Structures are given as structure tokens and as C-alpha cells.
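# Per-entry structural report
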Amino acid sequence: MKKRLYTPGPTPLPEEVMAALAQPMIHHRWPECAELYAEVREGLGYVLQTANEILLMTSSGTGAMEASVANLHSAGESVLVIRGGNFGDRWARICQAFGLEVVSVDVEWGRAVDPRQVADHLKKNDRITAVYATLCETSTGVTHDLQALAEAVASHPALLVVDAVSGLCVEKLQTDNWGVDVVTSATQKGLMCPPGISFVSLSEAARKRIDASTLPKFYWDFKTMGEFCRKDQTPYTPGITVLYGLRAALELIRREGLEAVLDRHARLARICRTAMKALGLDLLAERPANGLTAIRVPADMDGLELQRRIFEETGAMMAGGQAHLRGKILRLAHMGYADELDLITAISALERGLQVMGHTFEPGAGLLAAQKTMFD
Ligand SMILES: *Cc1c(COP(=O)(O)O)cnc(C)c1O
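Residues numbered from 1 in each chain as written. Predicted model: local features only at pLDDT ≥ 70, side-chain atom pairs only at ≥ 80, totals over all residues. Heavy atoms only, no water.

Counted under the stated rule, the structure contains four cavities of 30 Å³ or more. Of the volumes computed, that of the largest cavity is approximately 140 Å³. Taken together, 14 residues make up the lining of the largest cavity; nearest its centre are Leu56, Met57, Thr58, Tyr219 and Thr234. By volume, the second largest cavity amounts to about 70 Å³. Considering the residues around the second largest cavity, the lining is formed by Val47, Gln49, Leu168, Cys169, Glu171, Lys172, Leu173, Gln174, Leu258, Glu259 and Leu262. Per-element tally for the lining of the second largest cavity: the top contributor is helix H11 (residues 258-278), with three residues. Of the residues assigned to the lining of the second largest cavity, the class counts are six nonpolar, two polar and three charged. (1 Å grid on protein atoms, 1.4 Å probe; cavity = no way out; pocket = protein on both sides within 12 Å on 5 of 7 lines; lining within 4 Å. Points joined across faces, edges and corners; volume = space filled by probe spheres on them. Helix = DSSP H or I, 4+ residues; strand = E, 2+ residues; numbered from the N terminus. Nonpolar A, V, L, I, M, F, W, Y, C, P; charged D, E, K, R; others polar.)

Bringing the domain arrangement of the chain into the picture now. Annotation of the chain at the domain level lists domain 1 (15-255) and domain 2 (258-374). Each of domain 1 and domain 2 has a C-alpha centre, and the two are 28 Å apart. Contacts between the two partners involve 28 residues from domain 1, matched on the other side by 23 residues from domain 2. When the two sides are added together, the surface that domain 1 and domain 2 hide from each other amounts to roughly 2,200 Å², 59% of it contributed by carbon and sulfur. Taken together, domain 1 and domain 2 are joined by two salt bridges. One salt bridge connects Arg287 with Asp145, and the closest N-O pair in it is separated by 4.0 Å. Across the contact surface, domain 1 and domain 2 share twelve residue pairs in polar contact (both at pLDDT 80 or more). Where the side of domain 1 that touches domain 2 is concerned, the elements lending two or more residues are helix H2 (31-48), helix H4 (86-97) and strand E7 (142-143). (Domains from an automatic or database assignment. Contact = heavy atoms within 4.5 Å. Buried area = accessible area lost by both parts, 1.4 Å probe. Salt bridge = Lys/Arg side-chain N within 4 Å of Asp/Glu carboxyl O. Polar contact = N/O pair within 3.5 Å; in protein donor to acceptor, adjacent residues only side chain to side chain.)

The full count for this structure, using the stated rule, is 20 salt bridges. Between Arg247 and Glu39 there is a salt bridge, and its shortest N-O distance comes to 3.2 Å. Of this pair, Arg247 sits in helix H10 (residues 240-256) while Glu39 sits in helix H2, placing them 208 residues apart in sequence. Connected through salt bridges with shared partners, the residues Glu53, Glu204, Arg207 and Arg230 form a single ionic network.

This next bit is on the nonpolar core. Counting 85 residues, the largest nonpolar core has Leu44, Val118 and Tyr132 as the members making the most contacts within it. Among the elements that make up this core, the one with the highest residue count is H10 (ten residues). Looking at which domains feed residues into this core, each of domain 1 (15-255) and domain 2 (258-374) gives three or more. What Val118 contacts, discounting residues up to four positions off in sequence, is Leu80, Ile82, Val105, Val113, Val131, Leu149 and Val153. (Core = buried A, V, L, I, M, F, W, Y, C linked by side-chain atoms within 4.5 Å. Buried < 20%, exposed > 50% of the residue type's maximum accessible area, 1.4 Å probe, protein only.)

Now the structure itself:
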């Protein structure tokens, strides 16, 4: 059976990336690797819209998140964490693991944070040293209004640290213009690469905090990474193969143009939402993301069973819900190497699953709505 990947990370790989991954190995202290490293950082600066220093790590996205916390703070500091899903929770759990005092802004799963709430917290609490946010909360399919959030944080000395693992190259993100101090992201979502490399961008203010930080770290020490970075190297052996893929992916993005990439995602999300409506399915997200659509499974249906039947019938792999949303939602990604025909296939697969699960709908209604939206 032909398998098709519609999960919000990992995402499908373009042929150019797959070919790049097949190159012979090189040594990481050779000029060829320095060139690769420099080109990748340059390309990441473009997609992050930043002139800030960018450090690369060999890990999945969570590695860059943990490294950021370990490098930005000293024991006992207070941080504000926006929690509206699994990934907001992850920031809180990492901060707690490092002994930080976590003040949380709790957002109902499926809703977006109200930036005024963050501003109020900051006004009341001048001990907060950083605000931890998520651009796209992948567990709920919500994209937060990061620009408004950045405005709310701007007048306070707290750093703004943003998890853009699933938001980068999908949602608008202007790191420098909006004043985002730290962005963390990884290769396996909008960047169309295998998992294996994560990275951070660091503002001047963030770098000052790093100099003062006393939390324990060794492998994840940003100061050591920074010294090597200025020689176009990493302190330890990087995931060279993934770097090859990443360079190729960044080249594809540059050729398409970042604006066009973001427009494509917005368009796919719009088409997907229209199709779900035509199938009589509700969305979870109040402010829906462009990289994935979180669909509420009809109340009388088991979401895990739906997910399994879709795969069995069609080979399409979609994601289910996390934590208390397990079995309650289906997450269909249109992220990275995705186009309109991929979406048609996904909607067809979903209709097939709904049909075998006994959902009442007009077969083809989702496809027709999608196709009509495409012709608009
Ligand atoms: C995928 C993802 C991560 C990172 O998860 P890893 O499995 O560690 O790569 C972090 N945050 C968000 C919002 C994500 O979607």
C-alpha cells in the first residue's frame, strides 16, 4: 500500500531533499562542512527574518527548548508560560525541571491567548524574566497572535521566547521586526526535512542573559556553541546528513519565496476548513493554524478508530489528539511539502474513513467544496 504522511511533523520530504540526504559523508572540521554550516545559518536567517545569531543543535525540537531554558536563566528565577496545549505545557515542565518559578497563563485548549492577559501579568509582576510562548500550538491546531503578544511584552524587560517548531515557514514570523528575543525550531515540520537538527536565534538581550546564566549545562552550553559558531563550526559532531537536507530545503524555500510559501499554507488551510464544513465537521481551533487543521470527531465516534480505519483503507497517516483530546480530534497536516492535490487526497481519505465509520454525509461533499475553493 502506498503510504501518505499527513501528520504535523514529521512531514513529507521533497525529492531534492531526499537526494541531498544521500550524499557521501564529510568530516565536520573540514572547510566543506564549515561552508555547509554557514549556508544553512544564512538560509535560516531568511526564514526566521532575523539578523540575530543562530545556533544549531543535533536534536529534535524539544532539545532546543530545553537548551534555551538552561541557558537563559539562573536558579529560582520567575518566568511566565502561556499554556494552551501540549507544547505550552512542555515549556512549563522544562522550566519546572530547572527549578524556575512558573507563573502560567492558562488558555483553554482550542483557544488563543489574549495578549492583554499577558500584559496584565507583566504589569503586576516585575520579577518575570521571560515569557514563554508557542507560535502554532500543534496539539490544538491554534496559531497565537504572536505580533500582538510581542507588543504586550515589548515594554517589559522580560525576554520573549517562542516555540516556532511547527510555525516556522508556515505562519508569519518576523523575529527582528516584532522583537522576538529567542525563537526555537526544528527541521521536521515546515522545513520539509527529517528530524534531527534544532536551532535557536538569539537577540542581543538574550545573549546578555546567557552570559549571566548559572543553571547547569555542558552539551547544551550556548556560550561554547557561540564560540564555535563564529568559526562556522559546532563544538561536537553535528547531524551532517540532516544539514545537507536542510540546505536543499532552504534553497527550495528561497526559490519559491517566503511570502509565497506562507500564502500557499494559508490557502491550503482555507480549502481544508471549507471541506470540513461541507462534511459537517467542526474545528477545534478558535484561531486556526495554517499548517494543520484540528477536526472534532463526531461525538458518537471513536477518533482513534477513525484514524486507524483511514490508514487501513487508504494508507493516509493523520494524527489524533493528545492528552485529554485523545480520541476526540483528528489532526490533518498541510505543512511543508504540501500542495492542493495532496489535500484532495487527504480529504478523499478522510471521507472514506467517515463512510466506513457510519458518518452521515453526502459522499464527495468535502471534495467538491475543496475543488470549488481551489477554483476561486
Ligand atoms: C513538534 C513540535 C515540537 C518539538 O517536538 P520534538 O518531537 O521534540 O521535535 C515542539 N513544539 C511544537 C509546537 C511542535 O509542534
